[in-house]
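A structural walkthrough
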Amino acid sequence: KKNFNINSSISIKKYNLDKNEKKLTKENDYVFLTEKEIELLELLLKNPKPISKEIILSEVWKYSNSADTHTVETHIYRLRKKIKSKFLDENFILNNKDGYLL
């Protein structure tokens, strides 16, 4: 049980991600996250370098990396919007020409 609790709580920047409760917390505020948002954050957290949209599609959604979809952009947009509206943080998920990163 102790290992279960340890594995379910992850620090991301100034936040704490509780995978059991599916919420991202900072101080006394929190937002609920979807399963895909959690998977996306875990992938970004594991990689210190930017991750391309194609790799995210393949790893999180199991789509072909040649699929023409806006799934990644849409999910990142919604996640950024949640975090900005609750925590006023516009730099939680960054992106550059190489992809997305925390």
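Residues numbered from 1 in each chain as written. Predicted model: local features only at pLDDT ≥ 70, side-chain atom pairs only at ≥ 80, totals over all residues. Heavy atoms only, no water.

**Quick word on the nonpolar core**
- Of all hydrophobic cores here, the largest spans 25 residues; its most connected members are Leu24, Leu33, Ile56, Phe92 and Ile93.
- Mapped onto this core, the elements with two or more residues apiece are strand 1 (9–12), strand 2 (15–18), helix 2 (35–46), helix 3 (53–61) and helix 4 (71–87). (Core = buried A, V, L, I, M, F, W, Y, C linked by side-chain atoms within 4.5 Å. Buried < 20%, exposed > 50% of the residue type's maximum accessible area, 1.4 Å probe, protein only. Helix = DSSP H or I, 4+ residues; strand = E, 2+ residues; numbered from the N terminus.)

**Points about the sheet that holds strand 2**
- Overall, antiparallel pairing links the four strands, which are arranged 1-2-3-4 in an open sheet. The sheet terminates laterally at strand 1 and strand 4 (29–32), the two strands that pair on one side only. With direction set aside, neighbouring strand axes in the sheet form an average angle of 25 degrees.
- Bridge count for strand 2 against strand 3 (residues 23–26) is three bridges, and the pairing is antiparallel. (Pairing = 2+ DSSP bridges. Axes fitted to C-alpha atoms, helices over the stretch in contact; angles between N-to-C directions.)

**Let's talk about the pattern of salt bridges**
- Scanning all chains against the criterion turns up eight salt bridges.
- Here Glu42 and Lys19 are joined by a salt bridge, their closest N and O atoms 2.7 Å apart. Remark: Lys19 occurs in the loop between strand 2 and strand 3 and Glu42 occurs in helix 2; sequence separation between them is 23 residues.
- By relative accessible area, Glu42 is classed as partly exposed at 24%.
- A relative accessible area of 29% means that Lys19 is categorised as partly exposed.
- Here Lys23 makes a salt bridge to Glu21, at a shortest N to O gap of 3.2 Å. (Salt bridge = Lys/Arg side-chain N within 4 Å of Asp/Glu carboxyl O.)

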